[in-house]
Amino acid sequence: MPRVLPVRLRSGVVLALASVAGLAMFCWPLFVAPSPEVTAHTTDAPLLFLLTLPVLLAVVLAEMSSGGIDTKALAMLGVLSALNAGLRPLGAGTAGIETVFFLLVLAGRVFGPGFGFVLGSTSLFASALLTAGVGPWLPFQMLASGWIGLGAGLLPRRVTGRAETAMLAAYGVVVAYAFGFLMNMWFWPYSLGPGTDLSFVAGAPVLENLHRFAVFTLVTSTAGWDTGRALTNLVAIVTVGPAVLSVLRRAARRAAFGAAVSFTAADAPEPGAAEAAADAPSAGTDRSPDTSTDTARPDGTTGAHLTTEGASPA
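Residues numbered from 1 in each chain as written. Predicted model: local features only at pLDDT ≥ 70, side-chain atom pairs only at ≥ 80, totals over all residues. Heavy atoms only, no water.

**With respect to the overall build of the protein chain**
Consideration 1: Of the regular secondary structure elements, the protein chain holds 10 helices and 2 strands.
Consideration 2: Along the protein chain, helices and strands appear, N-terminal first, in the series α-α-α-α-α-α-α-α-α-α-β-β.
Consideration 3: Each of the 314 residues in the protein chain was classed as buried or not, and the buried ones make up 41%.
Consideration 4: Of the contacts formed within the protein chain by residues at least 6 apart in sequence, a portion of 76% connects residues at least 24 apart.
Consideration 5: As displayed, the protein chain offers around 17,000 Å² of accessible surface, 68% of which is attributable to carbon and sulfur atoms. (Helix = DSSP H or I, 4+ residues; strand = E, 2+ residues; numbered from the N terminus. Buried < 20%, exposed > 50% of the residue type's maximum accessible area, 1.4 Å probe, protein only. Contact = heavy atoms within 4.5 Å. Areas by Shrake-Rupley, 256 points an atom, 1.4 Å probe, with all protein chains shown as cover.)

In structure tokens, the structure reads:
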């Protein structure tokens, strides 16, 4: 089962570089001791936002220039982004219930990793505008959601049927916990302050801080919010996933994303063909047979006399 919108080389390079840079923005406190006055990434969040938007434009432009995304795909991207933005307030994060990710996983599966990355970022951006959720956390949410759509598009393509549904449901559970892990990382070094067993220790070995962070995530997020998000993805993908996949694939087939358009010149007529066509009798013309006969005239001469069927003699 081929991808509807596969990632080309240029967009793949852009996605790889953006992922490395984004991961560095999440994890830089583990390698560089932050200054005490910096709190919760309020200074580097705008930088990440400025990084994310050009990446989205670069992916879209690279796909368009190589024929991977056309106007129909952009229209589908806008529709799904708006739909996802409308779905998110249904859960609003209550007890970890997040209704925005299951559609992102299914769309990334159908339309490919590049489409999934852009959809994840635009969905979270649109939903933040809709729910007044704009803050320093937004660029981190956009990037993490983009990775979820990207990963869904990279899953094995040969898996179909119930096995595909099971694979996507398992993926939805895994990315629910991964999303919580990443979103905890963006603020954990500044959230507890010094002096606790779960606090970030500037300059400590990376493995020691990762152990502290794993315990912090398990206590504060994994058992509650992340599990609620995972269950939401699991139930939604199992119950409505096959139907949504069928709808998306039918829409992709009818839109013929990525279909090559070619133009061929009309065959030139042979020399003299126009004159021959003008001289030839037109098709369907009812012509009576020539029944002319030579008849004798009273003056002794002969001449042609034309008779037609049904005509009385003169």
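**So, the nonpolar core**
Consideration 1: In this structure, Phe-26, Leu-80, Phe-111 and Ile-148 are the most contacted members of the largest nonpolar core, which totals 53 residues.
Consideration 2: Of all the secondary-structure elements, those providing two or more residues to this core are α1 (9-27), α3 (71-91), α4 (101-111), α5 (113-131), α6 (138-153), α7 (161-185) and α9 (206-255). (Core = buried A, V, L, I, M, F, W, Y, C linked by side-chain atoms within 4.5 Å.)

**Focus on the pattern of salt bridges**
Consideration 1: Enumeration according to the criterion identifies 4 salt bridges in this entry.
Consideration 2: Residues Glu-164 and Arg-109 are paired through a salt bridge, measuring 2.8 Å at the closest nitrogen-oxygen approach. Taken together, the residues Glu-164 in helix α7 and Arg-109 in helix α4 connect sequence positions 55 residues apart.
Consideration 3: Among the ionic contacts, a cluster of salt bridges with common partners joins Arg-109, Glu-164 and Arg-249. (Salt bridge = Lys/Arg side-chain N within 4 Å of Asp/Glu carboxyl O.)

**Section: the environment of Pro-139**
Consideration 1: Mapped onto the secondary structure, Pro-139 falls in helix α6.
Consideration 2: The exposure class of Pro-139 is buried, given its relative accessible area of 4%.
Consideration 3: Between the C-alpha atom of Pro-139 and that of Ser-121, which follows or precedes it by 18 residues, the distance is 8.4 Å.

**Observations regarding the packing of α7 against α9**
Consideration 1: Contact geometry for α7 and α9: axes closest at 6 Å, N-to-C directions at 145°. In this structure, α7 crosses over α9, and the sense of that crossing is right-handed.
Consideration 2: Partitioning the contact of α7 with α9 into residue classes produces 17 nonpolar, 9 polar and 4 charged. (Axes fitted to C-alpha atoms, helices over the stretch in contact; angles between N-to-C directions. Left-handed = near helix turned anticlockwise from the far one by under 90°. Nonpolar A, V, L, I, M, F, W, Y, C, P; charged D, E, K, R; others polar.)

**Observations concerning the packing of α4 against α6**
Consideration 1: One can describe the packing of α4 onto α6 by two numbers: an axis separation of 7 Å at closest approach and a directional angle of 40°. Taken together, the axes of α4 and α6 lie oblique to each other. For the element pair α4 and α6, the recorded crossing hand is right-handed. The residues of α6 that touch α4, namely those facing Phe-101, Leu-104, Val-105, Gly-108 and Arg-109, are Ser-145, Ile-148, Gly-149, Ala-152 and Gly-153. (Parallel < 35°, antiparallel > 145°, perpendicular 65-115°, else oblique.)

**Examining the confidence of the model for the protein chain**
Consideration 1: For the protein chain, the mean per-residue pLDDT works out to 74, and 63% of the residues sit at or above 70.
Consideration 2: Note that pLDDT drops below 50 for residues 282-298; the model gives that stretch 20 contacts with residues more than four away or on any other chain.
Consideration 3: Segment residues 300-314 is flagged for pLDDT under 50; beyond a separation of four residues in sequence, or across chains, it makes 19 contacts in the model. (pLDDT = per-residue confidence, 0-100.)

**Some points on the side chain of Thr-165**
Consideration 1: Here Thr-165 shows up in helix α7.
Consideration 2: If sequence neighbours within four positions are ignored, Thr-165 has contacts with Ile-237, Val-238 and Pro-242.

**Digging into the environment of Thr-165**
Consideration 1: Looking at Thr-165, the relative accessible area reads 14%, which means it is buried.
Consideration 2: C-alpha of Thr-165 to C-alpha of Pro-242: the two residues are 77 residues apart in sequence and 6.8 Å apart in space.

**Topic: the packing of aromatic side chains**
In this description, an aromatic ring pair is defined by two values, namely the gap between the centres and the angle between the planes.
Consideration 1: Applying the stated criterion across every chain, the model contains 7 aromatic pairs.
Consideration 2: Judged by centre distance (5.1 Å) and plane angle (70°), the rings of Phe-26 and Phe-140 are edge-to-face. Here the residue Phe-26 occupies a position in helix α1, and Phe-140 occupies one in helix α6, the gap between them amounting to 114 residues. For the pair Phe-26 and Phe-140, a shared accessibility class is recorded, and that class is buried.
Consideration 3: Aromatic pair Phe-111 and Phe-115: ring centres 4.7 Å apart, planes at 40°, arrangement tilted. Across this residue pair, the class does not change: Phe-111 and Phe-115 are buried.
Consideration 4: Taken together, the ring pairs connect Phe-181, Trp-188, Phe-200 and Phe-213 into an aromatic cluster. (Phe/Tyr/Trp six-rings, centres within 6.5 Å; stacked < 30°, edge-to-face > 60°.)

**Describing α9**
Consideration 1: Under the 1.5 Å per step criterion, the end-to-end length of α9 is only 49 Å for 50 residues, more than 12% shorter than the ideal 74 Å.
Consideration 2: Val-240 marks where α9 bends most, by close to 60°; the proline Pro-242 follows one to four residues later. (Expected span 1.5 Å × (residues − 1). Bend = angle between axes of the 7 residues up to and from the residue.)

**Thoughts on the environment of Arg-212**
Consideration 1: Secondary-structure assignment places Arg-212 in helix α9.
Consideration 2: Assessed through its relative accessible area of 18%, Arg-212 is described here as buried.
Consideration 3: In the structure, Arg-212 is positioned 15 residues away from Asp-197 in sequence and 7.1 Å away in space, judged by C-alpha atoms.
Consideration 4: Aside from chain neighbours lying at most four places away, what touches Arg-212 is Trp-188, Thr-196, Asp-197, Leu-198, Ser-199 and Val-201.

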